[in-house]
Amino acid sequence: MMMSASVVGLTVPTAARLFRSFSGRCLLVKCSTYGGSCISLQPGQVQCSSSFNHSSFDHHTYSSEQEEYPRFRNFQEKKDHKNHKSSSSRKYLLAGFLPSFGALFGLEEDEKDKDDPLMKTIKRGIICQRQREFDKAEVIFHAALSSAVEQSNLKAQVYLYSCLGHNAFLKGEYDKSEKVYKELIKRLISEGYDENHEAIIEISLKIATIFSKTGRKSLAETGYDFCLKAQKSRVEKMDLNKKFDPETDKNELNTLALYGMILDWYGKHHLRNNQYKEALSFTGQALEICKKVHGEEHYQTMVLLSDKGCIHNLMEEWDSAITCLHKASEIGKKVKTNQLKVILYNLGMTYLMKEDWDSAARDCGLAYKFAYEENDAQLLKMTNECLTKANCKTKN
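Criteria and thresholds
- Residues numbered from 1 in each chain as written.
- Predicted model: local features only at pLDDT ≥ 70, side-chain atom pairs only at ≥ 80, totals over all residues.
- Heavy atoms only, no water.
- Helix = DSSP H or I, 4+ residues; strand = E, 2+ residues; numbered from the N terminus.
- Buried < 20%, exposed > 50% of the residue type's maximum accessible area, 1.4 Å probe, protein only.
- Areas by Shrake-Rupley, 256 points an atom, 1.4 Å probe, with all protein chains shown as cover.
- Axes fitted to C-alpha atoms, helices over the stretch in contact; angles between N-to-C directions.
- Parallel < 35°, antiparallel > 145°, perpendicular 65-115°, else oblique.
- Left-handed = near helix turned anticlockwise from the far one by under 90°.
- Contact = heavy atoms within 4.5 Å.
- Nonpolar A, V, L, I, M, F, W, Y, C, P; charged D, E, K, R; others polar.
- Disulfide = S-S within 2.5 Å.
- Lys, Arg positive; Asp, Glu negative; His and termini not counted.
- Salt bridge = Lys/Arg side-chain N within 4 Å of Asp/Glu carboxyl O.
- Polar contact = N/O pair within 3.5 Å; in protein donor to acceptor, adjacent residues only side chain to side chain.
- Core = buried A, V, L, I, M, F, W, Y, C linked by side-chain atoms within 4.5 Å.
- Expected span 1.5 Å × (residues − 1).
- Phe/Tyr/Trp six-rings, centres within 6.5 Å; stacked < 30°, edge-to-face > 60°.

Caption draft 1: Structural detail: the overall build of the chain. Each helix and strand in the chain was counted, giving 14 helices and two strands. Counting only residues that meet the buried cut, the chain has 60% of its 396 residues in that class. Of the accessible surface of the chain, which amounts to about 15800 Å², a share of 47% is contributed by carbon and sulfur atoms.

Quick look at the structure:
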């Protein structure tokens, strides 16, 4: 869920990411249920039986935090969600607002930056990272780091250390990532940054997530609590009833995006530990922040609604799950994302668990249609099993 998603330019923050960035991861995410998002419900054996139990389905959690990318983007860059690949190949869960280039470190993007060799090199590394070419990205980042050192460009050095830590994070090399992030925090503090600076909060969030993913639950929660407390104190000073302008309220939007990212990722931590009530609470709060940053009908809003619906599903709260997933599907239709098929599948599966066979067949049928058109073999198999079960029960 997020750090000061400002990662455009030489910003350590990846902040808007899940919020300002989805498209991503997130927020996460991610859509939020299949191959690139928060929760995916996969059917087990399909057979005609007198009852259908939630336990007959395997589910796994997918942390959209993994899909966060430090990025160089203009503040209001709009992603074309139509170009997202199927979940099996989707690279990130990001989109929406991004702060101005280098916002957190006072480095603003201008025309001259576009032709700067160092900036071009960094961007090449980020492109490789998004294409999951992590080894190649690492080589490029190290080359850029050498140039930054030669130029005594401290802001670029800091950002590149962030990129290297993030690259290791995405590869699942958590030990390496943790070491880089810890050293980066030490460096920032030695440069005069306060420990509550948003850049440090974002890095601390990444470290907390590494703790979470490596089973160090107590340390993870200490880290998440630190991030949450620090960012909440900023948000509480804001007027959340105002309508934020993306041009004049960049700092406030960035602060909100980071706060939402923290809530989202903390929710995923609880989900990892099967603490569904807590996961639902944090995801719900993240959703409300996302609405303030992006609005009611944004891609990321859709993702978080889908995440929330899937958590309700895991809690066997079918009606609440259906409400969230239905809202998510309506947004999906408007933003024209190919993640709609994933939401429809989850919606159909929830109807199946509720034993509403006709509705299950309808939504899984639509998901099957979209999966067929996009040649998504994995989802085709899953939707076919859903349809088989629903049709079998309907005939009975």
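Read on for the rest.
Caption draft 2: Spatial organisation of the packing of helix 6 (residues 198-213) against helix 7 (residues 217-235). One can describe the packing of helix 6 onto helix 7 by two numbers: an axis separation of 8 Å at closest approach and a directional angle of 155°. Judged by the inter-axis angle, helix 6 sits roughly antiparallel to helix 7. Like other packed secondary-structure pairs, helix 6 and helix 7 cross with a definite hand, here left-handed. Of the residues in helix 7, those in contact with E198, I201, S204, L205, A208, T209, F211 and S212 of helix 6 are L219, A220, G223, Y224, F226, C227, A230, Q231 and R234. Classifying every residue of the contact of helix 6 with helix 7 gives ten nonpolar, five polar and two charged.

Caption draft 3: Representation of the state of the cysteines. Under the defined criterion, the tally for this structure stands at one disulfide. With its sulfur 2.1 Å from that of its partner, C364 forms a disulfide with C386. The chirality of the disulfide connecting C364 with C386 is right-handed, given an S-S dihedral of about 80°. Here the residue C364 occupies a position in helix 13 (residues 357-373), and C386 occupies one in helix 14 (residues 377-395), the gap between them amounting to 22 residues. The buried category is assigned to C364, whose relative accessible area is 0%.

Caption draft 4: Molecular detail of unusual backbone geometry. Here S152, not a glycine, exhibits a phi torsion of approximately 55°, which is positive. With respect to the element layout, S152 can be found in the loop between helix 3 (134-150) and helix 4 (154-171). S152 gets classed as exposed once you look at its relative accessible area, which sits at 57%. The phi angle at N274 is positive, at roughly 60°, despite the residue not being glycine. With respect to the helices and strands, N274 occurs in the loop between helix 8 (250-272) and helix 9 (276-294).

Caption draft 5: Expanded view of the side chain of K206. Inspection of the secondary structure puts K206 in helix 6. The buried charged residue K206 lacks any salt bridge, with E202 as its nearest oppositely charged partner at 5.1 Å. There is a polar contact of 3.4 Å between the side chain of K206 and the side chain of Y181.

Caption draft 6: Structural view of the nonpolar core. By size, the foremost hydrophobic cluster in this structure holds 69 residues, and its most contacted members are M302 and Y345. If you look at the next biggest cluster of nonpolar residues, it comprises 16 residues, including M119, I122, Y159 and L160.

Caption draft 7: Representation of the pattern of salt bridges. In this structure the tally under the stated criterion is 23 salt bridges. K171 serves as the salt-bridge partner of D135, at 2.7 Å between the closest nitrogen and oxygen. Placement of the pair is D135 in helix 3 and K171 in helix 4, with a sequence separation of 36 residues. The class of K171 is partly exposed, set by a relative accessible area of 28%. Between E183 and K186 there is a salt bridge whose closest N-O contact spans 3.6 Å. Of the two residues, E183 and K186 both sit in helix 5 (residues 174-190), three residues apart, roughly one turn of that helix. Judged by its relative accessible area of 47%, E183 is partly exposed. Among the charged side chains, a salt-bridge network with shared partners connects D135, E138, K171, E173 and K176.

Caption draft 8: Seen up close, helix 2 (residues 117-130). With 14 residues, helix 2 should reach 20 Å at 1.5 Å per residue; the first-to-last C-alpha distance of 20 Å fits that figure. Turning to helix 2, its buried residues are L118, M119, T121, I122, G125, I126, C128, Q129 and R130. Where helix 2 starts, the residue carrying a side-chain oxygen 3.0 Å from the main-chain nitrogen of L118 turns out to be D116. In the stretch just after helix 2, R132 is the one whose phi turns positive, near 65°.

Caption draft 9: Fine view of the packing of aromatic side chains. This structure, assessed with the given rule, holds three aromatic pairs. Ring geometry for Y224 against Y266: centres 4.7 Å apart, planes inclined by 20°, an arrangement best described as stacked. Taken together, the positions of Y224 in helix 7 and Y266 in helix 8 put the pair 42 residues apart, joining distant regions of the chain. Considered together, Y224 and Y266 belong to a single accessibility category, that of buried residues. Taken together, the ring pairs in this structure connect Y224, Y266 and F282 into an aromatic cluster.

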